[in-house]
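Listed below, chain by chain, are the residues.
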Amino acid sequence: MGQQNSLPTNDTHGSHQILLTDIAIQCTGDIDNTKASLHLAELCVFGIPDAEEGKLFPLVNASPGRWEVKDHILLTAEVNSLDCVVRSDEGEDIGFVDVNVTTMLGTAVRPDHQLGQMVQTFDSQIQLTMLCKRVEALSESNEGEDDIAIQLESEGVELLRAFIQTGKLSDITDAMSMLQQAVDVTPHGHARMPRFLANLRTSYLFRFERTGVLSDITQAISVQQRAVEITPQGHEDLPGLLNDLGNMFALRFERAGVLSDITEAISAQQRAVDLTPQGHEDLPGLLNDLGNLFALRFEQTGVLSDITEAISAQQRAVDLTPQVHPHLPRYLITLGISFKCRFQRTGVISDISEAILAQQRAVDLTPQGHADMPGHLNSLGNSFANRFKRTGMLSDITEAISAQQRAVGLTPQGDADLPGRLTNLGNSFANRFQRTGMLSDITEAISAQQKAVGLTPDGHADLPGLLTNLGASFTRRFLRDGVLSDITEAISVQHRAVNLTSQGHAALPGRLNNLRNSFQSRFERTGMLSDITEAISVQQRVVDLTPQGDAHLPRRLSNLGSSFLHRFQRTGALSDITEAISAQQRAVDLTPRGHADLPGLLNNLGTSFLSRFERTGMLSDITEAISVQQRAVDLTPQGHADLPARLINIGNSFYVRSAPGFDEADLGAALSRYKAAATSPVGPPQTKLYAARRWARTLIQHNPQSPEIVLAFDTALGLVAVIAGLEQTVQGRYTQLEDSSGLALEAAAAACVLDRPDKALEWLEQGRCLVWSQLNNLRTPLDHLYTYDKELAQSIADTAKRLETAGSSRGQPDVSMSLKEKISLENEARAHIDLASRWDDLLKKARAIPGFESFLMPASCSAIMRNIPESGPIIIITVDEDRCDALALLAGLEEPIHIPLPNFSLEKASAYRLDLDTELRSQHLRSRAVEDLAGLMREPRGCRPATMTKRLLEDPPVHRVLRGLWQEAVKPILDALGFSREDRASGRLLPRLWWCPTGPLTFLPLHAAGIYRGEDSESAFDYVVSSYTPTVVAITDRVKGNIAIDAKDLGLFLTSQPSAPGAPAIPGTTREVRSIFRMAEQRGTKVLKLEGDEVTVDGCLERMESFSSIHLACHGSQNAADPLKSRFLFHQGSLELETILRSNLKNGDLAFLSACQTSTGEEKLSDEAVHLAAGMLAAGYRRVVGTMWSIGDHAAQDVSTAFYKYILDHQEGTTDAGFDGSQSAQALHHATRQLRDRLNDSERSLLTWIPFVHFGY
């Protein structure tokens, strides 16, 4: 029902009195400065009986921006209005309020509902609202009769007032006793009886609202029925009394779920409407309440005629209410709620759109500062959340969160509605988490719901519902991260919710159902049979407690079947799958045609039939599975977000039936369903990606030469870009990409089977390093487009800049933030979504221009091949479960050369990676530190001296890894391309070669692959000068757009950070930088050196913009949990990868990262190259020197010095003071060879020189 917790009041009694309590003056609007300077002192009220000069009420400053009256105002029947003046502590009139008492009497609200009216202030910068609560029928006799009933009533009313102020239950209990005695001693037919009954009824309602005890609402109904009975037909009070009676029956129905109560409520309310003449001012309110009752019965029974009656009555209430009437927003809200309920039943999208329109209109009509505004925003947010569940549109759930955050922010502390609104906000965060997987969202959900629980006292009737919502959010987070403490907490709070819910309570089955979900989730994680058995036990109790005819029964039966299915899948007990099918079949049978839940119930039933078929092989089961799943698909409306998932399920059933011995046509049916799901215009992108992968893999398995494989992988890779779209932060995109890791490699392997190296190249470029590619697109020069459409080009440039800023700098919510800060972040998120949408629209406009059809689309093979460097090939090595291949890209060719690697495999690559990682960890090569190179020259930086154990001598792991890489991958590639070993004595320069590794190969040193023991020793070092690149386009874009660096920026900036806080001292960095500085200075090169505290992080970033090349000698740190937090450690802070990405260094040339792990990626994102070296390339540097693991302090000095000496010796021109890093690859090759020549070929020696690597052009 629209006002689900509303308590009735008699709005037509002409003789009763009302009490205004909890009076407060509240600052509203964004006026924080005003709050600090404003000092209110008193409220002067005119119009109170016996106070002709006005009555003064002191204002007490209760909190910043809030002043409260510690008294109440008693209004008798003859008072029509009050004039209230707000005054400052200097006696100045700040503003005034005209309170229309007549209108207030015509508004039916529950006792704790806060009324609000804006103060008309004399200063437009000051925004104030007067708040109060209204209690009816708390009248005292003015007749002065010395009557025992009057005395009892008076004492009861005083106690009731005390309860309103303090919430002390003993006061309300004593008040009820006094008021009951007043009724008992009053003769039947006495004129005061209606008043006494009204007071007694109100006291029962107050206690019921506070405790939820069923006997109190039953007593209230009994009292109200007596009041109706003694009221003559035709009396003007009768409709109001009937209205109140109907609302009380509704309250008992909500508490106990007995259908006869809601039928009684509708009967009384309908009679109230029928007794009210057309044109009467009370009629819209009575119609609105009648609609609420029909909606409430609909929620129980699911009978469509009820919700249709509700909408009809509420629409009539809206139509009869003038545009300026203060109650119109409230009627619009309840009308919207009924439209939402019908949408939940039928799934007709127009209903939820009507709900949003009505509730948005209500919000627009409600003045800022009005006490109803938070409730209206909360309802609007709920409707947006419901539409999101149907469409999956991220903008809807973002709008929901925005509205609900505003609702929470406008709700005063201590308001009874605040816990419920916090819970709704938490539910919306949880819903968005289901769509995006962002951990911050589920953390926010739990935080909001924990606050809701914390604000609710023990014994409060709402506490169990708040606990069960909190438990559901803990369960969701557990399903994402698998942390057992979360599911333990979920079960704990849901157990508490169930234990606090009395037997017979209407909400008990729903709370038990949530407890079952948590037990089942823990079972799925741990496999403990006791958990799924408990889930079945709990859900069976849910079903047993749900009455026949209850609208929730089918879904609860289906959930019971799901639990039986899970236990069957664990134990194989046929009795369990039989029970599952029985329960789910009954759920389907009980669901009327046209019900929005029916397709989902059929889908679940089909899944169980499929599982039984896989166990027994009975053809009738798989036939039945396909039959009901097809019906589920047919009943699912086009445009429904669940349609792709249901297509996948029926596709799975067709696929199972296509096994040998069955109908082979089923394979085609399965493929067609996977294809339809993958290419559906609606549905969660993750679901559609799953379908696309199923489509592609099924084709590969059964028809590996099918040309449709190309379409399947095109679709899948296109969906990856959607899942990690520009509307998300960079970190959010990386989170999404974890689940699709390896897809591009799978696609490339299929392309190689099809003899399509062109598609393999395109897919590898499209599906790897996606975030770097997005950043590159946002920074693409638009000179060509400017010549065609200057305005469009400028719009694209502006939007790109704003998108890049939003993606890299948008903050993430934290539980410690204020609500205002969180609302601001959500506004940023909404703006970010709008920017991404605008970006898509602008790209469509650009691609409509002839010649720009492929503008910023993934590059085609031909476009890539046009810009391969002349100086050497680019080699991509793909590693997949089925095969391994190399693609060699050579200048002048139209497509890559395909080089199969039959002796290499994913298993071998993974084993090599593990062996190397184990050895690095045993050597403690994870941080830069001082070392002693005795025997090697000195110890490796950050490496403990290792004894030459027997195992090391017999089976050296580093040698084994390098030999395997050489013999199985690198040497076959070099041989296929005709490379030969160069004689060092010849003095000829080795040719260049760029490695573009994939998967586990990204962690392995291809540049050092070779045999280092025995007479046949040779390595890649003897054949080529190796560089690395995260993508091919990272090189070809440099070839294509080889823009000269601004001469004024040509120079070298050096910094050493030898003593970063919390890290070991590395004094060698100081010597390293000073040596390079002296060398460059002697050559006349533009060079700047800043050491330690001489430079801040911001200062370093400034120098990066004014010097084309940079040398960072410091500690580096790779953050596996949050790759964008990988950083360089400075004396005064950390330079993070995330910060580097915000730079756009158009004149960047060379970055030498003399730190540890600067090219170490993240295993879960192996194809995204999330490391510091790649970040420097993305920020604009043409070439980067980095390290694969920790480096020795002295070795780093030696390599750096030799590196710069080579560059300066080969610098073109002698008068140019600039610095040119174009020879950096050859320089690093030369420097590391010099170091290698001074070492032996032991494991430690190899680990000393191998980590230095070159990236870029």
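Just so we're clear, the structure is a prediction, and the values are computed from it rather than from any experiment.

Q: Would you mind going over the overall build of the protein with me for this structure?
A: The secondary structure content of the protein amounts to 47 helices and 27 strands. Reported as C-alpha extents along the three principal axes, the dimensions of the protein are approximately 125 × 85 × 65 Å. For the protein, the proportion of its 1257 residues judged to be buried stands at 59%. The contacts of the protein with a sequence gap of at least 6 include a subset with a gap of at least 24, amounting to 70%. In the structure as shown, the protein presents an accessible area of about 49300 Å², 50% of it carried by carbon and sulfur atoms.

Q: I would appreciate a short explanation of the pattern of salt bridges in the present structure.
A: Inspection of every chain in the model, using the stated rule, returns 50 salt bridges. Linking D531 and R522 is a salt bridge whose minimum nitrogen-to-oxygen distance equals 2.8 Å. Classification of D531 by relative accessible area gives buried; the value is 3%. For D576, the salt bridge identified is with R567, shortest N-O distance 2.8 Å. Accessibility expressed as a relative area gives 18% for R567, which makes it buried. Bridged by salt links that share partners, the residues R981, E1018, D1022 and R1233 form one connected network.

Q: I'm lost on the packing of aromatic side chains in this one. Help?
A: The way to describe two aromatic rings as a pair is by their centre distance and the angle between their planes. Scanning the model with the defined rule gives 16 aromatic pairs in all. Ring geometry for F96 and F122: centres 6.0 Å apart, planes at 40 degrees, overall tilted. Of this pair, F96 sits in strand β8 (residues 93–100) while F122 is found in the loop between β10 (120–121) and β11 (128–136), placing the two residues 26 residues apart along the sequence. You can call F96 partly exposed: its relative accessible area is 32%. Arranged with centres 5.0 Å apart and planes meeting at 90 degrees, the rings of F1203 and Y1204 form a pair that is edge-to-face. Residue F1203 is classed as buried on the basis of its relative accessible area, which comes to 0%. What makes Y1204 buried here is its relative accessible area of 0%. Three or more aromatic residues link up through ring pairs in this structure, and these residues are F1152, F1203, Y1204 and F1219. Above the plane of the ring of Y655 lies R694, whose end atom (NZ or CZ) is 5.5 Å from the centre.

Q: Which parts of the structure should I look at to understand the confidence of the model for the protein?
A: Note that predicted coordinates carrying low pLDDT should not be read in detail. This prediction gives the protein a mean pLDDT of 87; 92% of its residues lie at or above 70. Across residues 1–15, where pLDDT falls below 50, the model places 60 contacts with residues more than four positions away in sequence or in other chains. Across residues 926–953 the pLDDT falls below 50, and counting only partners more than four positions away or on other chains, this stretch makes 104 contacts in the model.

Q: Would you take a moment to explain the environment of H595 for this structure?
A: You can see H595 is positioned in the loop between α22 (574–590) and α23 (598–616). Using a relative accessible area of 14% as the deciding quantity, one classes H595 as buried. Separated by 292 residues in the primary sequence, H595 and V303 place their C-alpha atoms 10.0 Å from one another. A polar contact of 2.9 Å, which involves the side chain of H595, links it to the backbone nitrogen of D597.

Q: Help me out: how do you make sense of the sheet that holds strand β23 (residues 1127–1130) in this one?
A: In any sheet, the strands associate via hydrogen bonds between backbone groups, in a parallel or an antiparallel arrangement. With respect to topology, three strands assemble into an open sheet ordered β22-β23-β24, the strand pairing being antiparallel. With one partner strand each, in any of the chains shown, β22 (1115–1117) and β24 (1133–1136) form the two edges of the open sheet. Each strand axis lies, on average, 30 degrees off the axis of its neighbour in the sheet, ignoring direction. As judged from the four bridges shared by β23 and β24, these two strands associate in the antiparallel manner. Note that in β24 the partner of R1127 across the bridge is E1136. In this fold helix α42 (residues 1097–1106) packs onto β23 and β24, with an angle of close to 40 degrees to the strand it touches most, β24.

Q: Hey, could you run me through the sheet that holds β8 in this one?
A: Overall, antiparallel pairing links the five strands, which are arranged β3-β2-β7-β8-β10 in an open sheet. Taken across any chain shown, the strands that pair with only one partner, and hence form the sheet edges, are β3 (55–58) and β10. Where strand β7 (residues 81–88) lies against β8, seven bridges are found, and the strand directions are antiparallel. From the neighbouring strand, L82 faces β8, where its bridge partner is V99.

Q: Would you explain helix α40 (residues 1033–1040) in this entry?
A: Residues of α40 that are buried include every one of V1033, I1035 and T1036, and no others. Each buried residue of α40 sits inside an arc of 155 degrees when the element is viewed along its axis, so together they form one side. On its buried side, α40 packs onto α31 (757–767), α32 (770–778), α36 (861–865), β12 (874–879), β15 (992–997) and β27 (1252–1256).

Q: Looking at this structure, how should I read the nonpolar core?
A: Most often, soluble globular proteins keep nonpolar side chains buried together rather than apart. Within the largest apolar cluster, 201 residues are counted, with the highest numbers of intra-cluster contacts made by L889, F904, F1128, M1176 and F1203. Once residues lying within four places of it in the same chain are set aside, the contact partners of L889 are L761, I864, M865, I868, P873, I874, I876, P896 and V1032. Counting 68 residues, the second largest nonpolar core, distinct from the first, contains I172, L245, F294 and F298.

Q: Any chance you could explain the environment of D1167 here in plain terms?
A: If you trace the backbone, D1167 turns up in the loop between β25 (1150–1154) and α44 (1172–1179). Setting aside anything within four residues of it in sequence, one finds D1167 in contact with G742, L745, R768, C769, T998 and G999.

Q: I tried to follow the packing of α22 against α23 on my own but got confused; where do I start?
A: Working note: a packed helix pair is described by the angle between its axes plus the distance between those axes. Relative to each other, α22 and α23 sit at 160 degrees, their axes nearing to 9 Å. The orientation of α22 relative to α23 falls into the category roughly antiparallel. Judged by the twist between their axes, the crossing of α22 over α23 is left-handed. Facing L574, I577, T578, A580, I581, Q584, Q585, A587 and V588 of α22, the residues of α23 in contact are L598, L601, L602, N604, L605, S608, F609, S611, R612, R615 and T616. Broken down by class, the residue content of the contact of α22 with α23 amounts to 11 nonpolar, seven polar and two charged.

Q: Just to check I follow, could you spell out unusual backbone geometry for this structure?
A: As a rule of thumb, non-glycine residues mostly have phi less than zero, and peptide bonds are mostly trans rather than cis. In this model, D755 sits at a positive phi of 55 degrees, which is unusual for a non-glycine residue. Within the secondary structure, D755 is located in the loop between α30 (743–753) and α31.

Q: I keep staring at the packing of helix α7 (residues 238–256) against helix α9 (residues 283–301) and nothing clicks. Help me out?
A: Direction vectors running N to C along α7 and α9 enclose 20 degrees, while the axes themselves pass 11 Å from each other. For the element pair α7 / α9, the angle class is roughly parallel. Between α7 and α9 the crossing geometry is left-handed. Where α7 approaches α9, its residues P239, N243, G246, N247, A250, F253 and E254 are matched on the opposing element by L286, D289, L293, L296 and Q300. Considered class by class, the residues forming the contact of α7 with α9 number six nonpolar, four polar and two charged.

Q: Explanation requested: the pairing of strand β26 (residues 1183–1187) in the structure shown.
A: For a regular strand, side-chain orientation follows a simple rule: the groups alternate between the two sheet faces. Judged by how many residues are buried, β26 sits mostly within the fold: five of five residues are covered. The two faces of β26 match: R1183, V1185 and T1187 on one face and V1184 and G1186 on the other face are all buried. Inspection of the sheet shows β25 paired to β26 by three bridges, in the parallel sense. When the bridges of β26 are listed, A1151 appears paired with V1184. The sheet contact formed by β26 and β27 spans five bridges and is antiparallel. Across the sheet, residue G1186 finds its bridge partner in β27, namely V1253.

Procedures and definitions
Residues numbered from 1 in each chain as written. Predicted model: local features only at pLDDT ≥ 70, side-chain atom pairs only at ≥ 80, totals over all residues. Heavy atoms only, no water. Helix = DSSP H or I, 4+ residues; strand = E, 2+ residues; numbered from the N terminus. Buried < 20%, exposed > 50% of the residue type's maximum accessible area, 1.4 Å probe, protein only. Contact = heavy atoms within 4.5 Å. Areas by Shrake-Rupley, 256 points an atom, 1.4 Å probe, with all protein chains shown as cover. Salt bridge = Lys/Arg side-chain N within 4 Å of Asp/Glu carboxyl O. Phe/Tyr/Trp six-rings, centres within 6.5 Å; stacked < 30°, edge-to-face > 60°. Lys NZ or Arg CZ within 6 Å of the ring centre and 35° of its normal. pLDDT = per-residue confidence, 0-100. Polar contact = N/O pair within 3.5 Å; in protein donor to acceptor, adjacent residues only side chain to side chain. Pairing = 2+ DSSP bridges. Axes fitted to C-alpha atoms, helices over the stretch in contact; angles between N-to-C directions. Arc of directions from axis to C-beta. Core = buried A, V, L, I, M, F, W, Y, C linked by side-chain atoms within 4.5 Å. Parallel < 35°, antiparallel > 145°, perpendicular 65-115°, else oblique. Left-handed = near helix turned anticlockwise from the far one by under 90°. Nonpolar A, V, L, I, M, F, W, Y, C, P; charged D, E, K, R; others polar.

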